[in-house]
Amino acid sequence: MNIIFRVDSSYEMGTGHVMRCLTLANELKDRKAKVSFICRDLPGNLASYIREQGYPVFLLPFRSERADASWLRVDFKTDAMETLQILIASSPVDCLIIDHYGIDQRWENLIEANVAKIVVIDDLADRPHQCSMVLDQNSSSAGDRYHGLVPDSCVKLVGTSYAILRPEFRSVKKQLAERDGSINRILVFFGGTDPTHETLKTLQVLTKRQYSNLHLDVVVGEKNTNKDVIEHICNPMPNAFFHCQIDYMAELMRKADLAIGAGGSSTWERCYLGLPSLSIVTADNQREITKRVHEKGATCCLGDSAEVTAQRIEHGINSMLASPSLVKEMSEQALQLMGEDKFNEVIDQIMGGDNDIHS
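Residue numbering note: each chain is counted from 1, following its sequence as written. Residue-level local features of this predicted model are given only where pLDDT is at least 70; pairs of side-chain atoms are given and counted only at 80 or more, and the full residue set underlies all totals for whole chains, interfaces and linings. Only hydrogens and water are removed before side-chain values are computed, so all heavy atoms of the structure are retained for them.

Draft legend 1. Looking closely at the sheet that holds strand β13 (residues 300-304). If you trace the six strands from one edge of the open sheet to the other, you get β10-β9-β8-β11-β12-β13, paired in parallel fashion. Strand pairing shows two members of the sheet lacking a second neighbour, β10 (240-244) and β13, which therefore form its edges. Across the sheet, the mean angle from the axis of one strand to that of its neighbour is 15 degrees, orientation sign disregarded. Should DSSP find at least two bridges between two strands, the strands are regarded as paired. Counting from the N terminus, the helices are DSSP H or I runs at least four residues long and the strands are E runs at least two residues long. Here strand β12 (residues 277-281) runs beside β13; their pairing, made up of four bridges, is parallel. Bridge pairing in β13 links S279 to C301. It only takes one pair of heavy atoms within 4.5 Å for two residues to be counted as in contact. Lines fitted to the C-alpha atoms define the axes, with helices restricted to the stretch that makes contact. Angles between their N-to-C directions range from 0 to 180 degrees. Along the sheet face, helix α11 (residues 310-321) touches β11 (258-262), β12 and β13 and points at about 160 degrees away from the line of β12.

Draft legend 2. Fine view of the packing of aromatic side chains. Aromatic pairs are defined between Phe, Tyr and Trp rings, using the six-membered ring for Trp, whenever the two ring centres lie within 6.5 Å; interplanar angles under 30 degrees are classed as stacked, those over 60 as edge-to-face, and all others as tilted. Evaluated as defined, the whole model comprises two aromatic pairs. Plain terms: the ring middles of F5 and F37 are 4.9 Å apart, the flat faces sit at 15 degrees to each other, and that makes the pair stacked. Of the two residues, F5 sits in strand β1 (residues 2-7) while F37 sits in strand β2 (residues 34-40), which places them 32 residues apart along the sequence. Residue F5 shares its accessibility class with F37, and that shared class is buried. An aromatic cluster of three or more residues is present, and its members are F5, F37 and Y55. In this scheme, Lys NZ or Arg CZ marks a charge over a ring once it lies within 6 Å of the ring centre and within 35 degrees of the ring normal. In this structure, K173 is placed above the aromatic ring of Y272, and the distance from its NZ or CZ to the ring centre is 4.0 Å. Accessible area is worked out with a 1.4 Å probe on protein chains only. A residue is then buried under 20% of its type maximum, exposed over 50%, and partly exposed in between.

Pasting the structure below:
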């Protein structure tokens, strides 16, 4: 089975879309699928990293236009036609998996005749799609979130049960101990690029002497433009440990008592392991998800990055330290939020599919 991903990454949009696609790619490869990627050559992209994972990458040329709300960087027709050339050269394509906020039905209509099946990964439910399947790991469990946005025949896998999590998280969850609400270890991670510099803002607080008894794990991606500065801050601190582009995040989350991070895809990783967290919204597309998780009591949202100060972060940390019962309750709510793990159903649907299954 020939499967191609259309997904981008950059300093501006981050690395989360590519990382979750790589999780899917590894599972599909294990099922003997042939997998490759189509990505635009944007500043800070992960094309080299994808290749290091063993997958061919077809690079679309960098263009300076921002015609599509900065997501595609080009007009949708241009992107579709450039993608189509690769699809035709790679024919037959059994499945095209799209994970991109800049792509919608207009783009897909230009492509669909050249692929057997289109699968869309989305979080927003804010635009129509022409696809056979939509996957949305949003905390809403309602498939009708896509009513009128996808064909009636479309398989809708919607809800946290379908969260795209690497195998390491399932392995680590088996070793998970119940959290008692005490905080001795804090994990700081704001995604692969952290474009709003929240890690530096958080370290401004955690370098204070009053937190010197806490073990700090500070994680950054290779594309974080502040990574050298962050490492320089952490190195002289005996209680701080710097980690860059790691493959053991699940283990750090298991050991942590509190996380401080962005409201992106890491939200589901934290919830899956029952890790209480302070969340900061660092992009518009994170706002709805973070609000829902906050309302469920599974995280404490400090607000949008532009309005979150170091003082607000410090207040949030102190509130958690002073309230073990609240922290314990947050852990329990996070675990409940994730529900039954149905990730294997996602892979089954992509590889074959049974259109009688809907959520």
